[in-house]
Amino acid sequence: MGLNELTSAERVHIAFFGCRNAGKSSVVNAVTGQDLAVVSDVAGTTTDPVQKAMELLPLGPVVIIDTPGFDDEGMLGAKRVRRTRLILGRADVAVLVVDGTRGMSETDRALEAMFKERDLPYVLVYNKADLVADATTGQVADDREIWVSALSGEGIHELKELIGRLAPKDDPDHRLLADLIAPGDFVVLVCPIDESAPKGRMILPQQMGIRDVLDAGAMPVVCREKELGLVLERLGETPSLVVTDSQAFSIVRQLVPEEVPLTSFSILMARYKGFLRTAVAGVAAVDELRDGDVVLMAEGCTHHRQCNDIGTVKIPRWLREHTGADLTIETCTGRDFPEDLSRYALVVHCGGCMLTERDVADRMHRAEAQDVPFTNYGIAIAQMTGTLERSLRMFPREHALVSAGVPAEAAGEARHG
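Residues numbered from 1 in each chain as written. Predicted model: local features only at pLDDT ≥ 70, side-chain atom pairs only at ≥ 80, totals over all residues. Heavy atoms only, no water.

## Things to note about the sheet that holds strand β6 (residues 140–141)
- The seven strands lie next to each other as β2-β3-β1-β4-β5-β7-β6, forming an open sheet whose pairing is mixed. Since the sheet does not close on itself, it has two edges, and those belong to β2 (50–56) and β6, each with one partner.
- In this structure, strand β4 (residues 93–99) lies alongside strand β5 (residues 122–127), joined through six bridges in parallel fashion. From the neighbouring strand, Leu96 faces β5, where its bridge partner is Leu124.
- Helix-sheet contacts for helix α3 (residues 106–117) involve β1 (12–18), β4 and β5, and the interaxial angle to β4 is about 165°. (Pairing = 2+ DSSP bridges. Helix = DSSP H or I, 4+ residues; strand = E, 2+ residues; numbered from the N terminus. Contact = heavy atoms within 4.5 Å. Axes fitted to C-alpha atoms, helices over the stretch in contact; angles between N-to-C directions.)

## Looking at the sheet that holds strand β11 (residues 262–264)
- Taken in spatial order, the four strands of this open sheet run β9-β8-β10-β11, and their pairing is parallel. The open sheet has two edge strands, β9 (219–223) and β11, and neither has a second partner. Strand after strand, the sheet turns through a mean of 25° between neighbouring axes, direction not considered.
- Note: strand β8 (residues 186–190) against β9, five bridges, orientation parallel.

## Comments concerning the environment of Ala9
- Relative to the elements of secondary structure, Ala9 occurs in the segment before β1.
- On a C-alpha basis, the gap between Ala9 and Leu355 in space is 4.9 Å, while along the polypeptide they are 346 residues apart.
- Sequence-distant contacts of Ala9, that is, excluding residues within four places in its chain, are made with Lys273, Cys353, Met354, Leu355 and Thr356.

## Some thoughts on the confidence of the model for the chain
- Chain-level pLDDT for the chain is 85 on average; 85% of the residues reach the 70-or-more range.
- Low confidence marks residues 37–47, where pLDDT is under 50. Its contacts with residues over four positions away, or in another chain, come to 24 contacts.
- Considering only residues more than four positions removed or in separate chains, one finds that residues 406–417, a stretch of pLDDT under 50, has 18 contacts. (pLDDT = per-residue confidence, 0-100.)

## Some thoughts on the nonpolar core
- Counting residues in hydrophobic clusters, the biggest one holds 82 residues, and the most contacted among them are Val188, Leu319 and Ile379.
- If you look at the next biggest cluster of nonpolar residues, it comprises 25 residues, including Ala22, Val97, Leu162 and Ala167. (Core = buried A, V, L, I, M, F, W, Y, C linked by side-chain atoms within 4.5 Å. Buried < 20%, exposed > 50% of the residue type's maximum accessible area, 1.4 Å probe, protein only.)

## Looking at unusual backbone geometry
- One non-glycine residue with positive phi stands out, namely Asp119, at about 55°.
- Relative to the elements of secondary structure, Asp119 occurs in the loop between α3 and β5.
- By relative accessible area, which is 64% here, Asp119 ends up exposed.
- Phi is positive for Asp142, close to 55°, though the residue is something other than glycine.

## Considering the packing of aromatic side chains
- If you walk through the whole model with that rule in mind, you get four aromatic pairs.
- Where Tyr126 meets Trp147, the ring centres are 5.3 Å apart and the plane angle is 25°; that geometry is what we call stacked. On the criterion of sequence distance, the pair formed by Tyr126 in strand β5 and Trp147 in strand β7 (residues 145–147) is long-range, its members being 21 residues apart.
- Aromatic ring contacts, followed pair by pair, group Phe17, Phe115 and Tyr122 into a single cluster.
- Seen from the ring of Tyr122, Arg144 lies directly overhead, with NZ or CZ sitting 4.0 Å from the centre. (Phe/Tyr/Trp six-rings, centres within 6.5 Å; stacked < 30°, edge-to-face > 60°. Lys NZ or Arg CZ within 6 Å of the ring centre and 35° of its normal.)

## Description of the packing of helix α5 (residues 204–215) against helix α8 (residues 265–272)
- The N-to-C vectors of α5 and α8 enclose an angle of 80°; their axes lie 10 Å apart at closest approach. It follows that α5 is roughly perpendicular to α8 by the angle criterion. Contacts between α5 and α8 involve Pro205, Gln206 and Met208 from the first element and Phe265, Met269 and Tyr272 from the second.
- Split into classes, the residues belonging to the contact of α5 with α8 amount to five nonpolar, one polar and no charged. (Parallel < 35°, antiparallel > 145°, perpendicular 65-115°, else oblique. Nonpolar A, V, L, I, M, F, W, Y, C, P; charged D, E, K, R; others polar.)

The following block contains the structure:
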């Protein structure tokens, strides 16, 4: 991803759902103005979710997702339906395409019920208006129902306007760290460069951190942990904030004076994605792990793993060393997050920078519903390095969970409170 590109996780995700041959893919193509989805008279042509990042007026940067027919049949159909359900977890707006010549089916009503259950904004699109004599093409009813014809294009412009009204708007106060600093502040960003660092570029949270500091009118100073001591010596004044990669916590905390606020990119990402409190409460489970427990390491992206990968090598090793327990470690990557989490004693998730906020929330709620502690990489590392209390001092609600040495059972209660 180039520095001038918006990651898919920061785009509005618009997912199209419906029954086979309702004209869903035709509506997708009409809305996007291109052949994003395969169109055929054969029911069930779309076999897997198809998605594409693009610019769509009047919304701007979006991800369009076309899903298989939700009424698909057989073993393969069940797999397609399961994938469609997963799309619900990351959609910001759902578009339910209904065959206007037949009206709402039981399957359509089941999908609508799922949207309501998840509090997901949605549009009901009655397609094939060209075949229905009394169709009021382009007119919006009940702020969510509209007739269109994908064949003629009638009502498509109005549909895009309706989707735009339902899509979440940018919140200027929703920032990674800009609200923690003031114009003119020095902010030190510690970015280790080792064998796992991507060649020739910064990882997304580091990019976001640099940009957020600049947007706040503050001054970012970027260095490796090896040069941090020299940077603090030469800076000439005390920085207002130090943010480090979690893997360097042990080194950085010894170099940064106690009075200087210190946290990590991963902790900031947990706050940005809306699960910091849950992750802080859940991390108490680390010290409760016992022989035979199964821990799930979950990553939201897929990438080439290096020999000393953070999720599959480093944190599992640190967990075993910290607890002294014979643990079973399982991993999942990308969209492959288990529905049944009941066998796990703990879920340790990545920062979620490549997932939408809804997607991360869906995973978090799934763990909470099954009473499985849920935390993330950086918070787990902070716990194991004895840095958690200090790294949370600027976040009073979360700091209160650990400042007095909250036991695991109390943290469990807080997780559901």
